[in-house]
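Fold and geometry: a report
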Amino acid sequence: MSIKDQTKKIKKDFLERLDNCSSYDGSQIIKNDYLGRKGKLSELYSKLQSLPRSEKAYAGKQINDIKIFLSQKIESFTSSFTEKKSDLDKKDFTLPGDPHPLGSIHPITLVSEQIKDIFSKLGFSLAYGPEVDTEFFNFDALNIKDDHPARDMQDTFYIEPGVVLRTHTSNTQIHTMLKKDPPIKIIAPGRVYRNEDISVRSYCLFHQIEGLYIDKNVTFGDLKGLLNYFAKEFFGENVKTRFRPSFFPFTEPSAEMDIYWGLETESDYRITKGTGWLEILGCGMVDPEVFKSVKIDSEKWTGYAFGMGIERMAMLKYGIHDIRLFYEGDIRVLRQFR
Ligand code: DAH
């Protein structure tokens, strides 16, 4: 084989090996195999001696050219490694990294999810009612008479005569009963609005969860059992509860459920007005007047209803003392919830 053919073959093999090489150390082995003292090129040089004088010059140039070519290739191949190495040298791994902030779940969302989970396990399904509604759904059908103080302009936001921002989620009871025949077993979470002075305890909008169960032979005992179970699930096994007689136009009899908050600190006295007990929800047996307005036969069906404020529950569970913290979006507050 002529020197020229041999250089061609060397070039081809060399390039193939370099193609398959992916490390700096690998490239040094190739370099040595071709350009090293006992490498392929020095073998070729030694062959030069035996060539006739007329061919020597030409063959010598071929070998020199291939040597330059291989050297340049190896050089540029290894430089990619050495550059990377020196780039790394420049990096300071002790510097603090770029933060990737994690979002958190708003406590109102968190608590309403917890409440929904508890009732879902007991077979309640979700229902949603409109936030802008007529007086019929928000008041009349719930047996809240025209002269009831809740209708007062000071409490209710009127959109136009006869249309209000709902003042409670109880409107969803009426929507559900008009759409569906009993048995009914729903909870209805959502936002409600009241024209109240903004303070530590009240805000112009807040959240409630309504419950409604209608079936044959539903009793007040069922209602108490359900709500006691709920309180244990939500606040923990050791929670103490009590029911107090109360009044709501849409339930008869009506009650409020309190949980025992304690009387250890001065603020406990203030929050519980010196009793140690805190009201967390209103409830009762659906009033026959309500059944009448949605055309359900109250001789055949009975039911209970309840409603609770989500902010109130969140404040109790997480020891939040100012309702306004829920709406201000202060990241230092929100970050504490996951
Ligand atoms: N709607 C009442 C409120 O906003 C809460 C309530 C009380 C709902 C008793 C009920 C109930 O369903 O039976 O204060």
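On a predicted model such as this, the values are computed, not experimentally measured, just so you know. (Residues numbered from 1 in each chain as written. Predicted model: local features only at pLDDT ≥ 70, side-chain atom pairs only at ≥ 80, totals over all residues. Heavy atoms only, no water.)

**Some thoughts on the overall build of the protein chain**
If you tally the helices and strands in the protein chain, you get 12 helices and 10 strands. Here the C-alpha atoms of the protein chain give a radius of gyration of 41 Å, more than 25% beyond the 20 Å that 2.2 N^0.38 yields for 338 residues. Seen along its three principal axes, the alpha-carbon backbone of the protein chain occupies a region of about 125 × 50 × 45 Å. A buried classification covers 42% of the 338 residues belonging to the protein chain. Excluding contacts between residues fewer than 6 apart, the proportion of contacts in the protein chain whose partners are at least 24 apart in sequence is 67%. A total of about 19700 Å² of accessible surface is found on the protein chain, and carbon and sulfur atoms cover 52% of it. Charge-centre separation for the protein chain: the mean point of 48 positive side chains lies 15 Å from the mean point of 49 negative side chains. (Helix = DSSP H or I, 4+ residues; strand = E, 2+ residues; numbered from the N terminus. Rg over C-alpha atoms; globule rule 2.2 N^0.38 Å. Buried < 20%, exposed > 50% of the residue type's maximum accessible area, 1.4 Å probe, protein only. Contact = heavy atoms within 4.5 Å. Areas by Shrake-Rupley, 256 points an atom, 1.4 Å probe, with all protein chains shown as cover. Lys, Arg positive; Asp, Glu negative; His and termini not counted. Charge placed at Lys NZ, Arg CZ, Asp CG, Glu CD.)

**Regarding the packing of aromatic side chains**
Tallied over the full model, the rule gives 15 aromatic pairs. Ring geometry for F234 against F235: centres 4.8 Å apart, planes inclined by 90 degrees, an arrangement best described as edge-to-face. Judged by its relative accessible area of 3%, F234 is buried. Of the residues examined, F235 reaches a relative accessible area of 25% and is grouped as partly exposed. Measuring from ring centre to ring centre gives 5.1 Å for Y260 and W277, while their planes differ by 70 degrees; the resulting arrangement is edge-to-face. On the criterion of sequence distance, the pair formed by Y260 in strand 8 (residues 251–260) and W277 in strand 9 (residues 277–286) is long-range, its members being 17 residues apart. Residue class for W277 comes out buried when judged on its relative accessible area of 18%. Members of the aromatic cluster, each reached through a chain of ring pairs, are F119, F124, Y213, F230, F234, F235, Y304 and F306. The cationic tip of K185 hangs over the ring face of Y213; the distance from NZ or CZ to the ring centre is 5.2 Å. Over the aromatic face of W301 sits the side chain of K216, whose NZ or CZ is 5.0 Å from the ring centroid. (Phe/Tyr/Trp six-rings, centres within 6.5 Å; stacked < 30°, edge-to-face > 60°. Lys NZ or Arg CZ within 6 Å of the ring centre and 35° of its normal.)

**Some remarks on the domain arrangement of the protein chain**
When its domains are assigned, the protein chain resolves into domain 1 (3–90) and domain 2 (107–334). Of note, the centres of domain 1 and domain 2, computed from C-alpha atoms alone, are 85 Å apart. (Domains from an automatic or database assignment.)

**With respect to the nonpolar core**
Grouped burial of nonpolar side chains is what soluble globular proteins tend to show. Residues I115, F119, L227, Y304, F306 and M308 are the most contacted members of the largest nonpolar core, which totals 42 residues. Once you skip the residues sitting within four places of it in the chain, M308 turns out to touch I115, F119, H207, Q208, I209, F230, I280, L281 and M313. In this structure, V164, M177, A188 and A305 belong to the second largest nonpolar core, which totals 22 residues. (Core = buried A, V, L, I, M, F, W, Y, C linked by side-chain atoms within 4.5 Å.)

**A few points about the sheet that holds strand 2 (residues 132–134)**
One key point about sheets: their strands pair by backbone hydrogen bonds, in either a parallel or an antiparallel sense. Overall, antiparallel pairing links the 3 strands, which are arranged 2-4-3 in an open sheet. Each edge of the open sheet carries a strand with a single partner, namely strand 2 and strand 3 (158–160). Neighbour-to-neighbour, the strand axes of the sheet open up by a mean angle of 35 degrees, direction not taken into account. (Pairing = 2+ DSSP bridges. Axes fitted to C-alpha atoms, helices over the stretch in contact; angles between N-to-C directions.)

**A short note on the layout of surface pockets**
Which parts of space are left empty comes out when a probe the size of a water molecule is rolled across the atoms. In this structure, the largest pocket occupies an estimated 1300 Å³ of space. Along the wall of the largest pocket there are 49 residues; nearest its centre are R194, F206, Q208, E279 and G309. Sorting the residues of the lining of the largest pocket by element identifies strand 6 (205–215), strand 8, helix 9 (266–271), strand 9, strand 10 (302–309) and helix 11 (310–318) as the ones contributing at least two each. With 6 residues, strand 9 is the single largest residue contributor to the lining of the largest pocket. Considering only residue class, the lining of the largest pocket consists of 24 nonpolar, 15 polar and 10 charged. Considering the residues around the second largest pocket, the lining is formed by R201, R242, R244, D258, I271, T272, K273, T275, W277, L278, E279 and R312. If you list the elements that add at least two residues to the lining of the second largest pocket, you get strand 7 (241–248) and strand 9. Element by element, the count of residues in the lining of the second largest pocket is highest for strand 9, at 3 residues. By residue class, the composition of the lining of the second largest pocket is 3 nonpolar, 2 polar and 7 charged. (1 Å grid on protein atoms, 1.4 Å probe; cavity = no way out; pocket = protein on both sides within 12 Å on 5 of 7 lines; lining within 4 Å. Points joined across faces, edges and corners; volume = space filled by probe spheres on them. Nonpolar A, V, L, I, M, F, W, Y, C, P; charged D, E, K, R; others polar.)

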